[in-house]
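Here are the chains, one letter per residue:
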Amino acid sequence: MSFDEKGISLSVWLEDLTKEETKFNSADFVNQLRSLNLRNTIFIDNTASAEIAALYAELLTSKVHVVTSNKIAASSEYVGYAKLKKLAIEKGVQFLFETNVAAGLPVIRTMRDLLLTGDRIHKVQAVLSGTMNFIFNTISDKISFSEAVAMAKEKKYTEPDPAIDLSGLDVRRKALILAREAGYHMELNDVNTEPFLDPALLKASSWDELYRNLQNADAEIASRAMAADKKHCRLRFLAEIDHGNAKVGLQEVDATHPAYTLSGSDNLVLLYTDRYKDLPLVIRGAGAGPAVTASGVLADVLRIVNV
């Protein structure tokens, strides 16, 4: 960790952070923030760490804004999620996590605007994993499932542990966050999952072991993709929230479905509300990758400093 009231130099930041005396300690970090007492302090979390997410309540209590791409807090037990939202209101700071779902796409902000203006969200159907969409768009007679996963990892589309994506946990968390933002009091276990892989394949202690395990699923996934193609369908890992009932799973979609034409790592969110009953409000675009996620985080930061 590194602190400098005059600003951190972009030329020596890495050198400063690798010094032994600057090793990160969460308690020391928070105490240093308090002692500096800088106006309009914003804590930005771009980790996937539960330890860091556990700091949010203390930071908000100390009147520090929190901007995070880390999904753990918003998808933890509902009481914890509600506490953070309440603390932000009580302390006059903001708790923003737009990039928890669909990277830089304005999904959560759009939902909040709908609700603030009196609309009600009844149903959400979405492709929420750029990783999964990339994988199933990449599979072909020349590229196997395991190879497509390796390509997604190389492009930094996956979670640090790709098993989180492949198990459906990442999409479950995102679906839960959207359900909560829509006004439903739900827990992670309320989001039903239809696994498309044997869970045993995902139990690996390293990426190399996981990759070897995934090769055992190549034939089955290829067969499933071929069967969908024969019906003029494509495989999409979909999340659905319908009046408080939520599920995620791999489905076949035909050419009439908006998700059929999704390319690369694109995400898609369909919002059915009082105002958008028959034709949903559609949000679509790149949903994975460092650049679009960084832009979403920066947008949340600017939303705070420009108030």
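Scroll up a little and you will see the structure.
Residues numbered from 1 in each chain as written. Predicted model: local features only at pLDDT ≥ 70, side-chain atom pairs only at ≥ 80, totals over all residues. Heavy atoms only, no water.

(A) Summary view of the overall build of the chain. In terms of helices and strands, the chain carries 13 helices and nine strands. By the compact-globule yardstick of 19 Å for 307 residues, the chain fits well, its C-alpha radius of gyration being 21 Å. When its C-alpha atoms are laid out on the principal axes, the chain stretches across 65 × 50 × 30 Å. Residues classed as buried in the chain amount to 46% of the 307 residues present. For the chain, the share of sequence-separated contacts (at least 6 apart) that also reach a separation of at least 24 residues comes to 64%. Carbon and sulfur atoms form 51% of the exposed surface of the chain, whose accessible area is close to 15700 Å². Here the chain contributes 35 positive and 40 negative side-chain charges, whose respective centroids are spaced 4 Å apart. (Helix = DSSP H or I, 4+ residues; strand = E, 2+ residues; numbered from the N terminus. Rg over C-alpha atoms; globule rule 2.2 N^0.38 Å. Buried < 20%, exposed > 50% of the residue type's maximum accessible area, 1.4 Å probe, protein only. Contact = heavy atoms within 4.5 Å. Areas by Shrake-Rupley, 256 points an atom, 1.4 Å probe, with all protein chains shown as cover. Lys, Arg positive; Asp, Glu negative; His and termini not counted. Charge placed at Lys NZ, Arg CZ, Asp CG, Glu CD.)

(B) The side chain of D218, seen in detail. Note on placement: D218 falls in helix 12 (residues 218-230). For the buried D218, no salt bridge is present, and the opposite-charge side chain at shortest range is R212, 12 Å distant. One polar contact links the side chain of D218 to the main-chain amide nitrogen of S146, over a distance of 2.8 Å. Setting aside anything within four residues of it in sequence, one finds D218 in contact with S144, F145 and S146. (Salt bridge = Lys/Arg side-chain N within 4 Å of Asp/Glu carboxyl O. Polar contact = N/O pair within 3.5 Å; in protein donor to acceptor, adjacent residues only side chain to side chain.)

(C) Geometry of the packing of helix 6 (residues 107-116) against helix 10 (residues 169-181). Between helix 6 and helix 10, whose axes approach to 10 Å, the crossing angle comes to 20°. In terms of orientation, helix 6 lies roughly parallel with respect to helix 10. Handedness of the crossing formed by helix 6 with helix 10: right-handed. Here helix 6 contributes V107, I108, M111, R112 and L115 to the contact with helix 10, which in turn contributes I177, L178 and E181. (Axes fitted to C-alpha atoms, helices over the stretch in contact; angles between N-to-C directions. Parallel < 35°, antiparallel > 145°, perpendicular 65-115°, else oblique. Left-handed = near helix turned anticlockwise from the far one by under 90°.)

(D) Up close: a nonpolar patch on the surface. Side chains of I8, L10, W13, L14 and L17 sit close together on the surface and give an oily, nonpolar patch of about 530 Å² of accessible area. As for its position among the elements, I8 is in the segment before helix 1 (13-17). (Patch = residues over 30% accessible without salt bridge, like charges linked within 9 Å, V, L, I, M, F, W, Y side chains within 5 Å.)

(E) Spatial organisation of the packing of helix 8 (residues 145-154) against helix 11 (residues 207-215). Where helix 8 contacts helix 11, the axes come no closer than 8 Å and their chain directions differ by 150°. With respect to each other, helix 8 and helix 11 are oriented roughly antiparallel. Mapping the contact onto sequence places F145, S146, E147, V149, A150 and K153 in helix 8 and W207, Y211, L214 and Q215 in helix 11.

(F) Structural view of the sheet that holds strand 1 (residues 42-45). The sheet built from three strands is open, its strands ordered 1-2-3 with parallel pairing. Of all strands in the sheet, those bounded by a partner on one side alone are strand 1 and strand 3 (95-96). Two elements, strand 2 (residues 65-68) and strand 3, share two bridges in a ladder whose sense is parallel. The partner of V66 across the bridge, within strand 3, is F95. (Pairing = 2+ DSSP bridges.)

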